[in-house]
Amino acid sequence: PTETTIVATSGNIPVKEGDPVKIFAEVKGKSPPQGTLYLQYEGKSEWKDLEINRGGSKSYAREISKVSDNFTYYLKIGDDYSDEFKVSISPKPEAVSTKVTLTYPDYLERKETVEESLKLTVPAETKIKWTLKCEPAIKALKVTMGETTIMAEVSEDGTQAIFEAEAEETFKYKFHWTEKEHGFEYPPAIQHLVRVVPDSIPDVELLEPFKNGVATVNKVLNLKARATDDHQLGEAHLVYSIVNSQAGGNQEDNNA
């Protein structure tokens, strides 16, 4: 260059996907009203040229809105060219693997199990522990569960996040990511579901006798019943009463 020298540019720029990016340059010497910004998108061979206008006496700027692809750029202002630089999208963090540990309430007498899905169906009072492997590395993970918000425990290198909750009722939850390298924040795009199944009352059906009958003194009465439960049955109790007609109809309640 003999009349214009580009002395500063925006250089390499990381950007959050969908955000705008501002490209600028400063010159010394002659400063024409416009320069040219050349862009080459990743995977493309052709270069696109755009005007970049002078703002101050020696500065130029152009904003590219809603960046969705990586691109290389350089500038021509007056008779000088800049070096080539890159605008690179920082990808949104995601859970590339999921380990969900389920610890069931004591009355179920079930061993701890591990799931790999973010959509769960669990019994009431189950304790849930999520362990997520994250890419790219994260600085923080905020988890919103209905009206409650908790912060996950993030490993030092940002590749693992752990959080826990007890499932008392069905709830939806979502992730708010903060990327580690640049601190970009990403709002939740989808919601996940934990469906809680309450413990139902056992169903009992009396099989024998199947209708009212007449008893005699010292009669042995055989009872037969069928009981089912949504989880499992523990103990069963027979509740009955004896009416002693000789004692004037007094009733005595007994449990066996």
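Values in this document were obtained by computation on a predicted structure and should not be read as measured data.

Trainee: Explain the environment of Tyr-41 residue by residue, including any values.
Mentor: Structurally, Tyr-41 is set in strand S4 (residues 34-41). According to the relative accessible area criterion, Tyr-41 is partly exposed, its value standing at 27%. Taking the C-alpha atoms as reference points, Tyr-41 and Tyr-73, 32 residues apart in sequence, are found 8.7 Å from one another. If sequence neighbours within four positions are ignored, Tyr-41 has contacts with Ile-64, Asp-69, Asn-70 and Phe-71.

Trainee: Quick one: what's the story with the pairing of strand S18 (residues 171-179), residue by residue and with numbers?
Mentor: As judged from the 7 bridges shared by strand S14 (residues 138-145) and S18, these two strands associate in the antiparallel manner. Residue pairing across strands places Val-143 opposite Phe-175, the latter belonging to S18. The pairing of S18 with strand S20 (residues 192-197) spans 3 bridges and is classified as antiparallel. Following the sheet pairing, Phe-171 is matched in S20 by Val-194. When S18 meets strand S19 (residues 185-186), the two strands line up antiparallel, connected through 2 bridges. Bridge pairing links Trp-177 to Tyr-186 in S19. Counting the residues between successive antiparallel strands, the hairpin from S18 to S19 contains 5 residues, one of them, Gly-183, with a positive phi of roughly 75°.

Trainee: Give me the layout of surface pockets: which residues, what numbers.
Mentor: Within this model, the second largest pocket holds a volume of roughly 230 Å³. Together, Met-145, Thr-148, Ile-150, Glu-164, Ala-165, Glu-166, Glu-168, Glu-169, Thr-170 and Phe-171 line the second largest pocket. Elements with a contribution of two residues or more to the lining of the second largest pocket: strand S15 (148-151) and strand S17 (160-167). With 3 residues, S17 is the largest single contributor of residues to the lining of the second largest pocket. Taken together, the residues that form the lining of the second largest pocket break down as 4 nonpolar, 2 polar and 4 charged.

Trainee: Give a description of the packing of aromatic side chains that names residues and reports values.
Mentor: For any pair of aromatic rings, geometry is given as the distance between the ring centres together with the angle between the planes. Scanning the entire structure with this criterion turns up 11 aromatic pairs. Relative to Tyr-81, the ring of Tyr-74 has its centre 6.4 Å away and its plane inclined at 40°; by these criteria the two rings are tilted. Judged by relative accessible area, which is 47%, Tyr-81 ranks as partly exposed. Here the aromatic residues Trp-130, Phe-163, Phe-171, Tyr-173, Phe-175 and Trp-177 are joined through ring pairs into a cluster of three or more. Sitting above the plane of the Tyr-186 ring, Lys-16 keeps its charged end 5.1 Å from the centroid. The ring of Tyr-104 is capped by Arg-110, whose NZ or CZ atom sits 4.0 Å from the centre of that ring.

Trainee: How would you sum up the sheet that holds strand S10 (residues 94-103)? Please name residues and give values.
Mentor: Strand order in the open sheet made by the 5 strands is S11-S10-S13-S17-S16, with antiparallel pairing throughout. Edge positions in the sheet fall to strand S11 (113-115) and strand S16 (153-154), since each has one partner strand and no second. Both S16 and S17 contribute to a ladder of 2 bridges, which runs antiparallel. Within the sheet, the bridge partner assigned to Val-154 lies in S17 and is Ala-161.

Trainee: Break down the side chain of Thr-178 for me, with residues and values.
Mentor: Looking at the element boundaries, Thr-178 is found in strand S18. Ignoring any residue separated from it by four or fewer positions in sequence, one finds Thr-178 in contact with Ile-138, Lys-139, Ala-140, Gly-183, Phe-184 and Glu-185.

Rules used throughout
- One numbering rule holds for all chains: residues counted from 1, following each sequence as written.
- Given that this is a predicted model, residues contribute local features only at a pLDDT of at least 70 and side-chain atom pairs are listed and counted only at 80 or more, while totals for whole chains, interfaces and linings are drawn from all residues.
- Note that the side-chain values use all heavy atoms of the structure and ignore hydrogens as well as water.
- Helix and strand definitions here come from DSSP, where helices need a minimum of 4 consecutive H or I residues and strands a minimum of 2 consecutive E residues; each element is numbered from the N-terminal end.
- Exposure categories follow from relative accessible area, calculated using a 1.4 Å probe and restricted to protein chains: below 20% of the type maximum is buried, above 50% is exposed, and the middle band is partly exposed.
- Any two residues having at least one pair of non-hydrogen atoms within 4.5 Å are treated as being in contact.
- At least two DSSP bridges between two strands are needed for those strands to be called paired.
- Detection works on a 1 Å grid of protein atoms alone, calling trapped sets that fit a 1.4 Å probe cavities and calling open sets with protein on both sides within 12 Å along at least five of seven lines pockets, with lining residues defined by an atom within 4 Å of a point.
- Grid points are joined across faces, edges and corners, and a volume is the space filled by probe spheres set on the points.
- Think of it as three bins: nonpolar holds Ala, Val, Leu, Ile, Met, Phe, Trp, Tyr, Cys and Pro, charged holds Asp, Glu, Lys and Arg, and polar takes everything else, Gly as well.
- The pairing test for Phe, Tyr and Trp rings, Trp by its six-membered ring, is centres within 6.5 Å, and the orientation test on the planes gives stacked under 30 degrees, edge-to-face over 60, and tilted for anything in between.
- Two conditions define a charge sitting above a ring: the NZ of Lys or the CZ of Arg must be within 6 Å of the ring centre, and it must be within 35 degrees of the ring normal.

These figures come from the coordinates and say nothing about function on their own.
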